[in-house]
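Structure at a glance
Read off the chains here:
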Amino acid sequence: MRIKILGSAAGGGFPQWNCACPNCRRFRDGKFHGSARTQTQIAIEANPEYAHRRYWTLINASPDLRSQILATKELRPFPDGNTSTSIREVYIPSADVDSLMGLLHLREFQGFRVLSTPAVRRIVAEENSIFRVLGRAAPPVEWISLEPVATVDTAKHHNPEGPPLLFSRAVPLGGEYPDYVSGRLRAALPADEAVIGLLFDHCGKRLFVAPTLPNRNTGWKEWAASSDVVLLDGTFWSDTELIHTGRSNKTAREIGHLPLSGPGGLLEQFPKSSKARKILLHMNNTNPILDEDSAEHRAVLEAGFEIAYDGMELHL
Ligand SMILES: [Zn+2]
C-alpha cells in the first residue's frame, strides 16, 4: 500500500486567510520555521494493477482537492480517452465542510464511488442539493454505505475479476453532526454515524485513519494500537488553544477534537504497548507544533509521534 498525504492542515489550512494568530502572523512575516499546509487530504493506492492501470482511493474530499490533484503526478488522468481518472473512490469520514466540499471539485461529468455512513449520505442528499451535480456523470457517482463496524470489501467494488485485497471498516468515534445540519434531520440520525475512523487491511498490513477524533467513544484505541500505521487528529495542542488565541470561546473537546497535551490528551491516551508508526495530521493553524523551533514540536517527537506534511509519502 502506498499512502500519500496531499494535505495535512485542519479547516482553513496554514496560514489561514483571515487569521492573525502568532503562527499565521509570523509565517506571513517570514519569521516562522515550518511549512505551509493545505487542508487534510489522503490518497492510497492498494489495489492490484488492473488493465495496466493503477487506481487510487481518496480519504476525505478537502476544499483544496483540485490543487492537490494537480500537484500529484499519480493522480493525472490516464492519457488515453478524453475523460479518465485514476481516482476510483472517495471515503468521507464525516459531513464536515472540510471533508465533503472537495467532491464538488470532482464534478466534471466523472463517475466514481463515494463511501460514507448512511447518515452522511442523507445529509448530502436531503439538505445539500448542490451535490446533485455529481449525478450528471454517466454512469453517475455511486454512493456506497459504510455501516459502522461492518466490513466493506472495497476491492470487490473496484475490480470484480480480481482478488479482494483492500478491506475497510468504519469505526464510530462518537462525534456530532455539523451545525449546518437542520435540527429535524439531526434528530433522526444515529449518533455513531456522525464521525468515523477508517481501518484498512491490506496484505496483512493495517492502516488506521482518524483526522477528527472526538474520543467520546474510546473503541478506536484497540484498532489503532493493532495497526502498523496510524494517522491521527493533531488539530490542537491544548484544550484551550482557540480561547488563548482569540479564535473561539470553545475548547478543543467541545468542538470534537481530543487535544494532544494535558491530562487525558492524545499523547497520554495512545496505548503505550502499540508498535504503530504514529503520525499526526489535521493540524490547526494555531497549533504550536507547526513551529519546528517550539517546545511543543519537540515534545510531540519525543513522545514518538511524527508530524505529517504536505507531500509526505509512506509505504506499507
Ligand atoms: Zn492562525
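Above this text sits the structure in question.
The following paragraphs examine the structure supplied in this document.

The rules behind these values
Residues numbered from 1 in each chain as written. Predicted model: local features only at pLDDT ≥ 70, side-chain atom pairs only at ≥ 80, totals over all residues. Heavy atoms only, no water. Donors = N, O, S within 2.8 Å, 3.2 Å for Na, K, Ca; no water. Tetrahedral: all angles 85-135°; square planar, octahedral: opposite > 155°, others 65-115°. Buried < 20%, exposed > 50% of the residue type's maximum accessible area, 1.4 Å probe, protein only. Phe/Tyr/Trp six-rings, centres within 6.5 Å; stacked < 30°, edge-to-face > 60°. Helix = DSSP H or I, 4+ residues; strand = E, 2+ residues; numbered from the N terminus. Lys NZ or Arg CZ within 6 Å of the ring centre and 35° of its normal.

Moving on: the coordination of the zinc ion. Looking at the zinc ion, the protein donor atoms are Cys 19 (SG), Cys 21 (SG), Cys 24 (SG) and Asn 285 (OD1), and they sit 2.1 to 2.3 Å from it. For the zinc ion, the 4 donor atoms are set out with angles of 100 to 119 degrees between them, so the coordination reads as tetrahedral. Counting along the primary sequence, the residues that act as donors to the zinc ion give the motif C-x1-C-x2-C-x260-N. The residues Cys 19 and Cys 21 share a single accessibility class, namely buried.

Here the focus is the packing of aromatic side chains. This model, assessed by the stated rule, comprises 7 aromatic pairs. Ring geometry for Phe 270 against Phe 305: centres 6.0 Å apart, planes inclined by 80 degrees, an arrangement best described as edge-to-face. Remark: Phe 305 occurs in strand S13 (residues 305-307) and Phe 270 occurs in the loop between helix H9 (266-269) and strand S12 (277-281); sequence separation between them is 35 residues. Both residues of the pair, Phe 270 and Phe 305, count as buried. Among the aromatic residues, those joined into a ring-pair cluster are Phe 14, Phe 27 and Phe 32. Taking the ring centre of Tyr 55 as reference, the NZ or CZ of Arg 88 above it sits at 4.4 Å.

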